[in-house]
Amino acid sequence: AYTDPGASWTDTLDGSGTLTASGTVDVNTVGAYTLTYDYTDAVGNAGTQATRTVNVVDTTNPIINLMGDATITHEATTAYTDAGASWTDTLDGSGNITATGTVDVNTVGA
């Protein structure tokens, strides 16, 4: 969640107060978002508009979870089926991963 700290205004005639930004920040979509603050005093004098840029970033690495053990002892000449893996990510959700590479069940080795 993003909570904007807001802004304040002061005016010799009207005093002072706080402002709420116009604009939105979509925390589910990476990008730059602009929030705008405006104030016009009681006699119509507009203050200089202030803006804030909020950069939504994704710096969290996905987590990969192996299904089964990381090291497997397998009997030669019998078919091998990999158990696979899954992934989770704070922005992209989750899914399954298919392994790359091969296991030659006719040759002893790692």
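That block above? That's the structure.
Residues numbered from 1 in each chain as written. Predicted model: local features only at pLDDT ≥ 70, side-chain atom pairs only at ≥ 80, totals over all residues. Heavy atoms only, no water.

**A word on the packing of aromatic side chains**
The criterion, for reference: Here a Phe, Tyr or Trp ring, Trp counted by its six-membered ring, pairs with any other such ring whose centre lies within 6.5 Å, and the pair is stacked when the planes are under 30 degrees apart, edge-to-face when over 60, and tilted otherwise. Strands here mean DSSP runs of E at least two residues long; helices mean DSSP runs of H or I at least four residues long; both are numbered from the N terminus. Classification of residues uses two cut-offs on accessible area relative to the type maximum, computed with a 1.4 Å probe and protein chains only: under 20% is buried, over 50% is exposed, and between them is partly exposed.
Summed over the entire model, instances satisfying the criterion amount to one aromatic pair. Their ring planes at 10° and their centres at 3.9 Å tell us that W9 and Y39 sit as a pair that is stacked. In this pair, W9 sits in strand β1 (residues 7–11) while Y39 sits in the loop between β3 (31–37) and β4 (50–56), placing the two residues 30 residues apart along the sequence. A residue is classified by how much of its surface remains accessible, and W9, at 14% relative accessible area, is buried. Residue classification places Y39 among the partly exposed positions, given a relative accessible area of 23%.

**Quick notes on the sheet that holds strand β5 (residues 63–66)**
In a beta sheet, neighbouring strands are held together by backbone hydrogen bonds and run either parallel or antiparallel to one another. Short version of the rule: The pairing criterion is simple: DSSP has to find at least two bridges between the two strands. Fitted lines through C-alpha atoms serve as axes, helices being fitted only where they are in contact, and the angles separating the N-to-C directions of these axes extend from 0 to 180 degrees.
With antiparallel pairing, three strands are arranged side by side in an open sheet as β5-β6-β7. What marks the edges here is a single partner per strand, and that holds for β5 and β7 (93–97). With direction set aside, neighbouring strand axes in the sheet form an average angle of 20°. Taken together, the four bridges between β5 and strand β6 (residues 85–89) define a ladder with antiparallel strand orientation. Each bridged residue has a counterpart across the sheet, and for N65 the counterpart in β6 is S86.

**Quick notes on the pattern of salt bridges**
Our working definition: Between Lys or Arg on one side and Asp or Glu on the other, a salt bridge is scored when a side-chain nitrogen of the former is within 4 Å of a carboxyl oxygen of the latter.
Under the criterion given, the structure shown has one salt bridge. For D4, the salt bridge identified is with R52, shortest N-O distance 2.9 Å. Placement of D4 in the segment before β1 and of R52 in strand β4 is noted, with a sequence separation of 48 residues between them. Classification of D4 by relative accessible area gives partly exposed; the value is 24%. What makes R52 partly exposed here is its relative accessible area of 26%.

**Some thoughts on the side chain of T36**
In plain terms, the rule: We call two residues contacting when some pair of their heavy atoms lies within 4.5 Å.
Here T36 is to be found in strand β3. The residues touching T36, leaving out its near neighbours within four places in the chain, are T20, A21, S22, Q49, A50 and T51.

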